[in-house]
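Chain residues, written in single-letter form:
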Amino acid sequence: MKLAALLVALCAALFVVSLTSGQVNASVGESLVALWRDDGLPLSVVMQEIRLPRALLAVMIGASLGMAGAAMQGFLRNPLAEPGLIGVSGSAALGAVLAIQTGLTLFFPLALPLAALSGAVLAVVLILLLAGPRGASITLILAGIAISALAGALTSLVLNLSPNPFAAADIVFWMMGSLADRSFDHVWLALPFMMLGWALLALSARGLDALTLGEDAAQAMGINLARLRLMLVIGTASCVGAATAVAGAVGFVGLVVPHLLRGFVGARPSSLLWASALGGAAMVLAADIAVREILPQRDLKLGVLMALVGAPLFLHLIFKTRKEMA
Amino acid sequence: MTLLALDRLTVRRGDCPVVDAVTVSVAAGECVGLIGPNGAGKTTLLRGALGLLPHQGQSSLTSMPGAQRARHAAWMPQSREIAWPVTVETLIALGRIPHLPRGAKPRPDDQRAIEAAIARMGLEAFRHRTATQLSGGEQARVLIARALAQDTPLLLADEPIAGLDPASQIATMQVFGRLAREGHAVIVSLHDLGLAARHCTRLLMMSAGRLIADGAPRDVLTPDHIAQVFGITGFWADTDHGPVFQPLEVTG
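The shown structure was predicted, so the numbers you read here are calculated from the model rather than taken from an experiment.

### A look at the interface of chain B and chain A
With 27 residues of chain B at the interface, the matching set in chain A holds 26 residues. Overall, the association of chain B and chain A removes approximately 2200 Å² of surface from exposure, summing both partners, and the carbon and sulfur fraction of that is 61%. The largest per-residue losses of area from chain B upon contact with chain A belong to B:Trp84, B:Ile97 and B:Arg102, which jointly make up 34% of the total buried on that side. Applying the counting rule to chain B against chain A returns two salt bridges. Measuring nitrogen to oxygen at the nearest pair gives 2.5 Å for the salt bridge that ties A:Arg77 to B:Glu81. For the side of chain B that touches chain A, the secondary structure elements donating two or more residues are α2 (66-72), β5 (73-76), α3 (88-93) and α5 (136-149) of chain B. Top contributing element to the side of chain B that touches chain A by residue count: α2(B), with four residues. Classifying every residue of the side of chain B that touches chain A gives 18 nonpolar, four polar and five charged.

Shown next as structure tokens:
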């Protein structure tokens, strides 16, 4: 419970910092007041229509990725599992890339996230068909790898055949992942999917705990594994698909956050779900603040920074694990 | 009271029946030892009975809905999996999952069952240790306690005492015997025929998927049966310390 309070406080503090960081200079107090003021002044508009949705999206995306990562690791009983494993983020990216390539995004701005979501949904249907109605988690991993590879190949093909260098550059930049220039449209588009995902993943908590003892024991304890897997795949896909649709590819959150927090919750998979949701939110908020503060003029991409921070963190974890094993 | 009834239970792998039309029923108060050589179908029989494998024939367990079955029968698989470094207490508490409403914290009843399981397996000293850092035999005892915490009328355990030290093996078999006397039923597969003879009230002997013998230990561990099924000779004696059975030589 102490951990919960700590993480909530951290998220709240980072949320406020996120709201008050950016190119428009104003004091914290002024900015926060402008959030509620309906006076049409530039600061109020910036706060309400640019920074608030941006901070909200950071929380939503971080929570989604963190929770999905914890759920995936719990389900596969493997600390190296991550939400991208089932191929949803790759397929969502493919959908987005197609929307940019075909110029759909020029006609209406939400074409990109909608196409990405369609890609994610398609991936879920495909993975459920490939992995079959029942069976071990290994078929799920194999199906996920196959779909990821296919989506990656098709994305490369689109880039390869792109006649328009601007579209290609757009695609590359979009794939780096960012929260810049997002609006409440993006929040409302992603929120229902994410809420569905959070609910499904939360419902799988008890099954994940039981799986600590293996698939056989869990099933004998009354856990319906086929249903658990279905909830998990759809929950993860809703979370990750929606996150990728509005922010592009943001890696490492789902992998690193559960890793960092596992020790603090006594390694219990059900507790790790909510802890990773809060931790993920804090991590994405912090990273999104950093991209604005480190190189304010250069539009540093969130996904790039996350990978830059995530990789060394991960190395640190490897060394820690090695020391424990020795 | 019958706690498990199998009627011509058959499990196939491809065309080959791994368990072949086994009919058996187990009543409260019985501590049943399931014996047979490697590949005889012991594990498959238990998993089939629980409905963990597709099967033909009837098992009284598979006609129950999953949640009800989990409150009727506990299962300790042979593969002793502990996926995460949780404490021993947390691991044993997982046995209460079938009894808890979704998302509920353990209630006093659950806590009592957890404490009873810890006490039965003598794990007080390990309570706060990390389960994954224990030795193999200690992990096995923790996993048995987990199954005990499920507090079901019927307990199925697949080679629970393999790899335990002699004291723990005997203590565990005594726990099973005591459970049976308290009105539970226990079915335990094992390879130690001496322990089976001493601690089980009844033995089921399997070979090549078929039930070869079913009855009191002295009626099952006959020279003919053990020669036919295990290819060994054995020595049986009724002593002041109870029945003693010792396998002797490989025949032929």
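Read on for the rest.
### A look at the sheet that holds strand β8 (residues 202-207) of chain B
Residue and element names in this part refer to chain B. Here we have six strands laid out as an open sheet, ordered β5-β6-β7-β3-β8-β9, and mixed in their pairing. Strands with a single pairing partner mark the edges of an open sheet, and in this sheet they are β5 and β9 (210-215). Neighbour-to-neighbour, the strand axes of the sheet open up by a mean angle of 15°, direction not taken into account. Strand direction decides the pairing type here: strand β3 (residues 31-35) and strand β7 (residues 185-189), joined by four bridges, are parallel. Residue Val-32 lies in a different strand from β7, and its bridge partner there is Ile-187. Relative to strand β6 (residues 154-158), helix α1 (residues 42-50) is tilted by about 145°, and along the sheet it contacts β3, β5, β6, β7 and β8.

### Let's talk about a nonpolar patch on the surface
Residues and elements named next belong to chain A. Together, Leu-126, Leu-130, Leu-150, Leu-154, Leu-157 and Leu-161 make up an exposed nonpolar region whose accessible area comes to about 550 Å². Looking at the nonpolar patch, the elements that each hand over two or more residues are α6 (111-131) and α7 (137-161). If one sorts the elements of the nonpolar patch by residue count, α7 sits on top with four residues. Among the structural elements, Leu-161 can be located in helix α7. Take Leu-161: its relative accessible area is 60%, and that puts it in the exposed class.

### Considerations on the pairing of β6(B)
All names here are of chain B. Taking burial as the measure, the five residues of β6 include five buried ones, the bulk of the element. Going residue by residue along β6, you find Leu-154, Leu-156 and Asp-158 tucked away on one face and Leu-155 and Ala-157 tucked away on the opposite face as well. Note: β5 against β6, four bridges, orientation parallel. Counterpart to Met-76 in the pairing with β6 is Ala-157. Bridge count for β6 against β7 is five bridges, and the pairing is parallel. Bridging across to β7, Leu-156 finds its partner in Ile-187.

Rules and cut-offs
Residues numbered from 1 in each chain as written. Chains lettered and ligands numbered in written order. Predicted model: local features only at pLDDT ≥ 70, side-chain atom pairs only at ≥ 80, totals over all residues. Heavy atoms only, no water. Contact = heavy atoms within 4.5 Å. Buried area = accessible area lost by both parts, 1.4 Å probe. Salt bridge = Lys/Arg side-chain N within 4 Å of Asp/Glu carboxyl O. Helix = DSSP H or I, 4+ residues; strand = E, 2+ residues; numbered from the N terminus. Nonpolar A, V, L, I, M, F, W, Y, C, P; charged D, E, K, R; others polar. Pairing = 2+ DSSP bridges. Axes fitted to C-alpha atoms, helices over the stretch in contact; angles between N-to-C directions. Patch = residues over 30% accessible without salt bridge, like charges linked within 9 Å, V, L, I, M, F, W, Y side chains within 5 Å. Areas by Shrake-Rupley, 256 points an atom, 1.4 Å probe, with all protein chains shown as cover. Buried < 20%, exposed > 50% of the residue type's maximum accessible area, 1.4 Å probe, protein only.

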